[in-house]
Structures are given as structure tokens and as C-alpha cells.
Amino acid sequence: ELDRLASHDLALLLERPDVRYVVAANFAYTAKDIQDFLAIAYVANPQMRGSGPGGMSILTAQHLSGRGRVNNSLLLDLRGPGGDIIALNIDHTLALKHKNTANGAAPDLAEDCKRTLAA
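The shown structure was predicted, so the numbers you read here are calculated from the model rather than taken from an experiment.

Conventions used here
- Residues numbered from 1 in each chain as written.
- Predicted model: local features only at pLDDT ≥ 70, side-chain atom pairs only at ≥ 80, totals over all residues.
- Heavy atoms only, no water.
- Helix = DSSP H or I, 4+ residues; strand = E, 2+ residues; numbered from the N terminus.
- Buried < 20%, exposed > 50% of the residue type's maximum accessible area, 1.4 Å probe, protein only.
- Contact = heavy atoms within 4.5 Å.
- Areas by Shrake-Rupley, 256 points an atom, 1.4 Å probe, with all protein chains shown as cover.
- Polar contact = N/O pair within 3.5 Å; in protein donor to acceptor, adjacent residues only side chain to side chain.
- Pairing = 2+ DSSP bridges.
- Axes fitted to C-alpha atoms, helices over the stretch in contact; angles between N-to-C directions.

(A) Highlighting the overall build of the protein chain. Summing up its helical and strand segments, the protein chain has 2 helices and 5 strands in all. Across the 119 residues of the protein chain, 31% fall into the buried class. Sequence-distant contacts, at least 24 apart, represent 58% of the contacts inside the protein chain between residues at least 6 apart. When the accessible surface of the protein chain is split by element, carbon and sulfur atoms take 56% of a total near 7600 Å².

(B) How the structure looks around the side chain of Thr93. As for its placement among the helices and strands, Thr93 is situated in strand β5 (residues 86-94). In this structure Thr93 comes out as buried when scored by relative accessible area, which is 18%. Reaching out from Thr93, the side chain makes a polar contact with the backbone oxygen of Ser65 at a distance of 2.3 Å. Within the local environment of Thr93, its side chain forms a polar contact with the side chain of Asn71, the two groups lying 2.7 Å apart. In contact with Thr93, other than residues within four places in its own chain, are Ile34, Ser65, Gly66, Arg67, Gly68, Arg69, Val70 and Asn71.

(C) Region of the structure containing the sheet that holds strand β1 (residues 21-27). Read across the sheet, 3 strands follow the order β1-β4-β5 without closing on themselves; strand pairing throughout is antiparallel. Strands at the two margins of the open sheet, each flanked by one partner only, are β1 and β5. When strand polarity is set aside, the average angle formed by the axes of neighbouring strands in this sheet is 20°. Pairing between strand β4 (residues 70-77) and β5: 7 bridges, direction antiparallel. Bridge pairing in β5 links Leu75 to Leu88.

(D) The environment of Leu96, seen in detail. With respect to the secondary-structure elements, Leu96 resides in the loop between β5 and α2 (102-118). For the pair formed by Leu96 and Arg69, sequence separation is 27 residues and the distance between their alpha carbons is 7.3 Å. In this view, Leu96 contacts Val70, Ala105 and Asp108; residues no more than four positions away in its chain are not counted.

Listed below in C-alpha cells is the structure:
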């Protein structure tokens, strides 16, 4: 059921012309930095079986690192060249004081993505 939910959510986003980017951020809700955990972010194809967690086919994966509690791990471009979906592994850990929630960190995550895309 999780596989179907994930593919259904992506299909809904692809139908929306006002959505181009999807950001995956990871949060450490303890006083520890991201680098102190075995934190891994991955993108999987829910339509294919593979050797990843839960039998998923892993397209890209990365170990997260850095000092800070918010990690901008992945940027999906839903409208890449030729209509392709492009996954960019970013692994930018942000040292944000008192902004370790999605709402508090959202502006900083957006700015980090803009800098990444401009580079």
C-alpha cells in the first residue's frame, strides 16, 4: 500500500503545472547533528521490485552528513529537460538555531535549493 500511495502522490504532483520542484528534508529532533546518525535518504521506484528496503528498487541513495539538525537531502525537478524527472542528491546540512521543524526551516530550505539550482 505504501508503494501505491507514493506513486499516486507523484502522479498528482505531475498533473499540477504549478509544481516543479519537490524537496526532501530530514530533521533531527534531538540535540545531535545529522552526522551523528546513520541517516540515509533514497529515491525508489515503487513500480519495480529490487534489493532495497521493503523489496523496493532504489534509484539513488546517499548517506547524510554535516553539522546541524536540518538536512536538505534531495531535490526532484518534475519538469526536467525532455520532460524527465531529475533527482539531485544535495546533502546540505543547515545549522539553523531553533528551526528544526518543517514550517520553521522552509524558507531556509527554499533558499538553499535556489542556490543549488543557480550553481
